[in-house]
Amino acid sequence: MILKASEFVFSPPPVVSRARRVLIKPNANLPVPYPVSTSRETLSHIIESIKKVSDADIIILEGNPSGESIYPIYQTLGYDFPRVLMLDVRDCIWVEVENPLPHPFAVTTFWVPNVVLSSDYLISVAPFKLVGGTPSFSIPNLLSLLPVSKYKTTSSGGWGALYELGIDQVIADLYFTLPFDLGIVDARQKFLGRSGDPTQGEVEDYGKIIIGEPYEVDLEASRAAGVQSAYLELIKLGKAELEN
């Protein structure tokens, strides 16, 4: 669903009112505010809307590609929400989770934070961002839930071992292994980042919020951005395989 940003009011689905724990995954691994990172304003609106209907614990979870603490970035971005638990992927207990696809594209199991598995409702909130022409919407946003220590190459931090497998295939596998309930792309502005420096780029006003099931959200965001997203084509194939 694409909404005008001026008309966006987050209405949590009924399942949230019964949830014990709601996890929100922002795009927040760079110390640069919106539209490079998830907007503090948008997160605050989502959090306050959840609190109106639910007593659930609200968790924000992110990981730093350097493998260092994420908390200085949270502080820089102004993520100081009351009664919200801020967590770092590197400090979590990790659990190996099997990919449910009969024929995974690249990864048969993922190491993920156990807090993701113990949450009742999962939300991915990402800016409307492309870096070097590559989209970074609600599903690619899940990549930084994976512990760097498990997936870095020997030469650098980040998730180099996964990139070597083909990142579109990995993202498609991650979609099926971590079934997030809701995707939100904050498209009030579109950020076109440079591949050499993802903090620098062009900003265009767009004035929309895209919200819904993560695959559908990323499909709409890709169409709006005028790009082909290979991981979405793979997810489509995976869905067909599971249905058959």
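Scroll up a little and you will see the structure.
Our subject in this report is the structure included herewith. Starting from 1, residues in each chain are numbered consecutively following that chain's sequence as written. This being a predicted model, a pLDDT of at least 70 is required before a residue's local features are given, and a value of 80 or more before pairs of side-chain atoms are given or counted; all residues contribute to the totals for chains, interfaces and linings. Water and hydrogen atoms were dropped before computing side-chain values, which therefore reflect all heavy atoms in the structure.

**Considerations on the side chain of Lys25**
Numbering goes from the N terminus for both helices and strands, where a helix is a DSSP run of H or I of at least four residues and a strand is a run of E of at least two. With respect to the secondary-structure elements, Lys25 resides in strand S2 (residues 21-26). When accessible area is computed with a 1.4 Å probe and restricted to protein chains, residues below 20% of their type maximum are described as buried, those above 50% as exposed, and intermediate ones as partly exposed. You can call Lys25 buried: its relative accessible area is 0%. Polar contacts, as used here, are pairs of N or O atoms within 3.5 Å; protein pairs need one atom able to donate a hydrogen and one able to accept it. Residues neighboring in sequence count only if both atoms are side-chain atoms. In this structure the side chain of Lys25 is engaged in a polar contact, spanning 2.8 Å, whose partner is the side chain of Asn141. Contacts are assigned to residue pairs that have any heavy atoms within 4.5 Å of one another. Leaving out residues up to four positions away in the same chain, Lys25 has contacts with Leu61, Glu62, Ile123, Ser124, Val125, Asn141, Leu142, Ser144, Leu145 and Phe180.

**With respect to the packing of helix H7 (residues 167-177) against helix H9 (residues 230-243)**
An axis is simply a line fitted to the C-alpha atoms; with a helix, the fit covers only the stretch in contact. Between two such axes, the angle follows the N-to-C directions and lies from 0 to 180 degrees. The contact between H7 and H9 brings their axes to 8 Å, and the two run at 45°. Classified by the angle between their axes, H7 and H9 sit oblique to one another. Classified by chirality, the crossing of H9 by H7 is right-handed. Residues Asp168, Gln169, Ile171, Ala172, Tyr175 and Phe176 of H7 touch H9, and the partners they reach there are Ala230, Tyr231, Leu234, Ile235, Gly238, Lys239 and Leu242. Lys, Arg, Asp and Glu make up the charged group, whereas Ala, Val, Leu, Ile, Met, Phe, Trp, Tyr, Cys and Pro make up the nonpolar group; the residues left over, Gly among them, are polar. For the contact of H7 with H9, the residue count by class is nine nonpolar, two polar and two charged. By the definition adopted for this analysis, an angle is roughly parallel if under 35 degrees, roughly antiparallel if over 145, roughly perpendicular if from 65 to 115, and oblique otherwise. When the near helix sits turned anticlockwise from the far one by under a right angle, the crossing is termed left-handed; a clockwise turn instead gives a right-handed crossing.

**Some points on the packing of aromatic side chains**
Any Phe, Tyr or Trp ring, taking Trp's six-membered ring, that has another such ring centre within 6.5 Å forms a pair; planes under 30 degrees apart are called stacked, those over 60 apart edge-to-face, and the others tilted. Taken as a whole and assessed by the stated rule, the structure comprises seven aromatic pairs. Joined through ring pairs, the aromatic side chains of Tyr71, Tyr74, Tyr79 and Phe81 make up one cluster. Two conditions define a charge located above a ring, namely a distance within 6 Å from the ring centre to NZ of Lys or CZ of Arg, and an angle within 35 degrees of the ring normal. Over the face of the ring belonging to Trp111 we find Lys150, whose NZ or CZ atom lies 4.1 Å from the ring centre. Stacked on the ring of Tyr34, the Lys or Arg Arg188 has its end atom at 4.5 Å from the ring centre.

**Side note on the pairing of strand S7 (residues 121-131)**
Of all 11 residues that make up S7, 10 are buried, and the element is covered over most of its length. Pairing of S2 with S7, which is carried by five bridges, proceeds in the parallel orientation. In the strand pairing of S7, Val22 is matched with Tyr121. Strands qualify as paired when DSSP identifies two bridges or more between them. In terms of strand pairing, S7 meets strand S9 (residues 182-193) through nine bridges, oriented parallel. When the sheet's bridge partners are listed, Lys129 is paired in S9 with Phe191.

**Quick notes on the environment of Leu242**
The residue Leu242 is located in helix H9 in this model. Put simply, Leu242 and Pro100 are 142 residues apart on the chain and 8.8 Å apart in space, counted from C-alpha to C-alpha. Among all residues touching Leu242, those that are not within four sequence positions of it are Pro100, Leu101, Pro102 and Phe176.

**A word on the environment of Thr199**
For Thr199, the location among the structural elements is in the loop between S9 and strand S10 (201-212). With a relative accessible area of 24%, Thr199 lands in the partly exposed category. Separated by 168 residues in the primary sequence, Thr199 and Pro31 place their C-alpha atoms 8.8 Å from one another. Separated by 2.6 Å, the side chains of Thr199 and Asp197 make a polar contact.

**Structural notes on the pattern of salt bridges**
Pairing is possible between side chains of opposite charge, provided their charged atoms come close. Salt bridge, as used here, is a side-chain nitrogen of Lys or Arg placed within 4 Å of a carboxyl oxygen of Asp or Glu. Per the counting criterion, the structure on display carries 10 salt bridges. Note that Arg188 is salt-bridged to Glu41, the shortest N-O span being 3.3 Å. Of this pair, Arg188 sits in strand S9 while Glu41 sits in helix H2 (residues 40-53), and the two are 147 residues apart along the sequence. Among the charged side chains, a network of salt bridges with common partners joins Glu41, Asp186 and Arg188.

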